[in-house]
Amino acid sequence: MNSKLAKGIIGNGLAQITLKVIRVMEQLLLIPFFLTAWGAAYYGEWVTLSIIPTVLTFTNFGFGSAVSNSFVLAYTGGDKQKATDINKNGILVVGGSIVIGAILTAAILWGSSYFHFFENSFIPIHEAILSIALLMTGRLISFYHLLIEGYYRGARKAVLSGFLYAGCSAINLLVGLGVLYWEGGIVEYAFSQFLVTVLFTIVYFVVGRRLIDLKGYRGRYILSDIKQIASKGMGYMMDPVWQCIYFQGSTLVVRLTLGPEAVAAFNTIRTACRSVSQIFNVVNGSIFPELQYEYGQGNMKTVYRLFRMSVLSSILVGIIGVIFLSLFGLDIYNWWTQSQLSVSNEVWNTFVVSILFNAVWWMAMVVYPVTNQPHHFAVASITTACLSVVICYILSIYLGLWGASLGIMLFELVMMLYVLPDSCRLLGMKTIDLLNNMSEDFLYLRNKYLYR
């Protein structure tokens, strides 16, 4: 593991942590400002309206990821002509998705106006339509962000990309607070978000484009590339689908079988236990750019070592998290909820054990975008999510909240049993190699960083 790789991982980690801190600050600072400046009813209407552009962004997860990963693998592999072709065809495909999004935006706004959707709102109709139009236009422009991110990963400057994103979030937060402080309404707030998005996209593109060297190459429109991007894009687009089935579906099942109080307990327990998963997200975000770069370069020995160390590190974090939550978690949870929700030890411990299974497969699934093979994970995740919801429903009837928690644990267990060996297979290694080389990796780290 060379110094560039280590610095990249550490830098990516710091960028991820910075971004998450800013996102937490958004929730902590903006909501009180919203309530103070607008009042609960007006803010509630804004939250309802903002659901529409948020749903629209799901369509970006597919094509942007497909273009970005395809570009990085071609560019780091030394095939600059192919990278140029992918970039040109990717811009076309993402542009097509923006056009479709614009049509959907117009249809939604027209339909909302035609069916008098805004008539009972506290917000005047023209302000509601204008603010939604601004938000959705900003979301459409951001469709290019994932494509542009590929420039940074290809140039091994993912750290810069991460901090630019963090900086954009910080500016967006400050601008939003300024609008609320100066008593701006939803139109002013929506325009501020739109303006920040436009300016960030321009800066993000200009900086990223200068990092890559494609001089002397001209992109060609190739139908096979367009088809491949579209196909892989549909695979990546399944990511929000399985999450919706798994999280929203299980919540709905608990509501139907056990009632609203059980839903409150179910979701708060899951939120508390999944707080450990935020650490896994930081590890993923730190490892992914460097792992993909090394994979594109064909440095498989480094890829294997980095993947092994990442999975084992994630498992170690999971074990520590399980031990901590098993010993102190329920007391902290009762304090957090002011003991208003009754939770048994069986339910709590079942959720806690699920963390360890999640630690294994959540880190291993980074291999799918690294190798640009999303369909394996798409089929497995959606199938397992549907199975989990059905099991949740059946067990909830007979075992109550514990049955629902067993359904959740089943999902994590099945995903671990599938994703880990499948990820190893995509990399061309055996699952048992994760353990066989543990001592070798430990000695490498000790000699590299402790005895220099």
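Everything below is about the structure printed above this text.
Rules behind the numbers
- Residues numbered from 1 in each chain as written.
- Predicted model: local features only at pLDDT ≥ 70, side-chain atom pairs only at ≥ 80, totals over all residues.
- Heavy atoms only, no water.
- 1 Å grid on protein atoms, 1.4 Å probe; cavity = no way out; pocket = protein on both sides within 12 Å on 5 of 7 lines; lining within 4 Å.
- Points joined across faces, edges and corners; volume = space filled by probe spheres on them.
- Helix = DSSP H or I, 4+ residues; strand = E, 2+ residues; numbered from the N terminus.
- Nonpolar A, V, L, I, M, F, W, Y, C, P; charged D, E, K, R; others polar.
- Axes fitted to C-alpha atoms, helices over the stretch in contact; angles between N-to-C directions.
- Parallel < 35°, antiparallel > 145°, perpendicular 65-115°, else oblique.
- Left-handed = near helix turned anticlockwise from the far one by under 90°.
- Contact = heavy atoms within 4.5 Å.
- Phe/Tyr/Trp six-rings, centres within 6.5 Å; stacked < 30°, edge-to-face > 60°.
- Buried < 20%, exposed > 50% of the residue type's maximum accessible area, 1.4 Å probe, protein only.

Colleague: Can you break down empty space enclosed by the protein residue by residue, with the values?
Modeller: All chains considered together, the criterion is met by one cavity of 30 Å³ or more. If you add up the space inside the largest cavity, you get close to 100 Å³. For the lining of the largest cavity, the elements supplying multiple residues, two or more each, are α9 (223–258), α10 (260–273), α13 (345–364) and α16 (401–427). In terms of residue class, the lining of the largest cavity is made up of six nonpolar, three polar and three charged.

Colleague: Describe in detail the packing of helix α12 (residues 300–336) against α16, supporting the description with residues and values.
Modeller: In a pair of packed helices, the angle between the axes and the distance between the axes together describe the arrangement. Their axes nearest at 11 Å, the elements α12 and α16 cross at an angle of 165 degrees. On the basis of the axis angle, α12 is roughly antiparallel to α16. Seen from above, α12 lies across α16 with right-handed handedness. Facing α12, whose interface residues are M300, V303, Y304, F307 and V311, α16 presents L420, S423, C424 and L427. Tallied by class, the residues present in the contact of α12 with α16 amount to eight nonpolar, one polar and no charged.

Colleague: An account of the packing of aromatic side chains is needed here, citing residue identities and associated values.
Modeller: Each aromatic ring pair is characterised by the separation of its centres together with the angle its planes make. Counted under the stated rule, the structure contains 23 aromatic pairs. Seen from their ring centres, F71 and Y75 are 5.6 Å apart, and the 15 degrees between their planes marks the pair as stacked. Within this pair, F71 and its partner Y75 are both found in helix α3 (residues 60–76), separated by four residues, close to a single helical turn. Among the residues examined, F71 registers a relative accessible area of 2% and is labelled buried. Residue Y75 is classed as buried on the basis of its relative accessible area of 13%. Note on Y165 and F200: the rings are 5.4 Å apart at their centroids and 50 degrees apart in plane angle, and the pair reads as tilted. On the criterion of sequence distance, the pair formed by Y165 in helix α7 (residues 158–181) and F200 in helix α8 (residues 186–211) is long-range, its members being 35 residues apart. Look at Y165 and you get partly exposed, because its relative accessible area is 22%. Members of the aromatic cluster, joined through ring pairs, are W242, Y246, F247, W361, W362, Y368, F377 and F411.

Colleague: Give a description of the environment of K20 that names residues and reports values.
Modeller: Take K20: it is sitting in helix α1 (residues 3–38). Of the residues examined, K20 reaches a relative accessible area of 27% and is grouped as partly exposed. Between the alpha carbons of K20 and Q278 there is a distance of 9.0 Å; along the sequence they are 258 residues apart. Apart from the residues lying within four places of it in its own chain, the contact partners of K20 are Q278, N281 and V282.

Colleague: Please provide a residue-by-residue account of the packing of helix α6 (residues 145–154) against α8, values included.
Modeller: Taken N-terminus to C-terminus, the directions of α6 and α8 make an angle of 30 degrees; their axes are 8 Å apart at the nearest point. The angle between α6 and α8 falls in the class roughly parallel. When the axes of α6 and α8 are compared, the crossing they make is left-handed. Touching H145, I148, E149, Y151 and Y152 of α6 are T197, F200, T201, V203, Y204, F205, V207, G208, R209 and L211, all from α8.

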